[in-house]
Amino acid sequence: MKKIHSILFFLLLFIMAGVFIYNENFSEDAVKERIINQEGYIIKLQKESVPTEFFIKPEWISFTSEEPQTIDQVVFKDDQTNVVLMEVWNRENDIYFSFGSEYKLDRQSGDLLVNYIISPDGFSSTSGMNDVLLFDVNHNEIPHGQWGTGPAEQFGFGVNPEQYDAIKEGFFVQYYLFNKYSYKKD
């Protein structure tokens, strides 16, 4: 019986070590981190300020609940990058929309979108109010309230109460902060 416990213990330890090694070296996040940190990869900026446009469906907009609503819907796809509406939160003074990016990266080469500039010295970002534009279903511009980027590829913006009628049928988002990089294994 003691021998079986020892075997099970070492088997469990082996499985845990395997999961740790996989997560640190082969997961999507690990591959992305090695690419953007240029560890074993050569990256090249293909295009700055890639225009992205997507539609926020009315059923995703939280007009009544004051708790954050998890949405997790892909709203934009580009090569190996998906932009995901993660959460919508009615904060009383606005409705805040939070987005992130998911990657399906080829380990050898490909393209990815990030909302910062990658340089040998690190990362930087520049942004202005015109980098995020909102439009109603008739393509009339809607002013947005608070907005921001980070951490990583996340971004978000708020829509103030006086604009709720303009977004009730859904709305379009134009986002100009993504930069497209190509990468290949060094």
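Here's a quick rundown of the structure. (Residues numbered from 1 in each chain as written. Predicted model: local features only at pLDDT ≥ 70, side-chain atom pairs only at ≥ 80, totals over all residues. Heavy atoms only, no water.)

### Observations concerning the overall build of the protein chain
- Along its length, the protein chain carries three helices and twelve strands.
- Residues counted as buried form 41% of the 186 residues belonging to the protein chain.
- Accessible surface, the protein chain as shown: approximately 10,900 Å² in total, 53% of it carbon and sulfur. (Helix = DSSP H or I, 4+ residues; strand = E, 2+ residues; numbered from the N terminus. Buried < 20%, exposed > 50% of the residue type's maximum accessible area, 1.4 Å probe, protein only. Areas by Shrake-Rupley, 256 points an atom, 1.4 Å probe, with all protein chains shown as cover.)

### Points about the nonpolar core
- Counting 29 residues, the largest nonpolar core has Ile56, Leu85, Phe97, Phe99, Phe157 and Phe171 as the members making the most contacts within it.
- Those elements giving two or more residues to this core turn out to be strand S1 (41–56), strand S2 (69–78), strand S3 (81–90), strand S4 (95–103), strand S8 (132–135), strand S11 (155–159), helix H3 (164–167) and strand S12 (171–185).
- A total of five residues in this core trace back to one element, the largest contributor, which is S12.
- Core analysis: the next-biggest nonpolar cluster, separate from the first, contains 13 residues, Ile36, Tyr103, Leu105 and Val114 among them. (Core = buried A, V, L, I, M, F, W, Y, C linked by side-chain atoms within 4.5 Å.)

### Digging into the packing of aromatic side chains
- For the structure shown, the criterion picks out twelve aromatic pairs.
- Measuring from centroid to centroid gives 6.1 Å for Phe155 and Phe178, while their planes differ by 85°, and the two rings are edge-to-face. Of this pair, Phe155 sits in strand S11 while Phe178 sits in strand S12; the two residues are 23 residues apart in sequence, bridging distant segments of the chain. Across this residue pair, the class does not change: Phe155 and Phe178 are buried.
- Members of the aromatic cluster, connected to one another through ring pairs, are Phe54, Phe97, Phe99, Phe155, Phe157, Phe171, Tyr175 and Phe178. (Phe/Tyr/Trp six-rings, centres within 6.5 Å; stacked < 30°, edge-to-face > 60°.)

### Description of unusual backbone geometry
- The backbone of Ser49 sits at a positive phi, close to 50°, despite the residue not being glycine.
- One can find Ser49 in strand S1.
- Positive phi is not limited to glycine here, since Glu92 has a value of about 75°.
- As for its placement among the helices and strands, Glu92 is situated in the loop between S3 and S4.
- Of the residues examined, Glu92 reaches a relative accessible area of 57% and is grouped as exposed.

### Observations regarding the side chain of Thr81
- In this structure, Thr81 sits in strand S3.
- Residue classification places Thr81 among the buried positions, given a relative accessible area of 1%.
- Of the polar contacts made by the side chain of Thr81, one reaches the backbone nitrogen of Leu113; its length is 3.0 Å.
- Not counting residues up to four positions away in its chain, the partners in contact with Thr81 are Phe76, Ser101, Glu102, Tyr103, Asp111, Leu112 and Leu113. (Polar contact = N/O pair within 3.5 Å; in protein donor to acceptor, adjacent residues only side chain to side chain. Contact = heavy atoms within 4.5 Å.)

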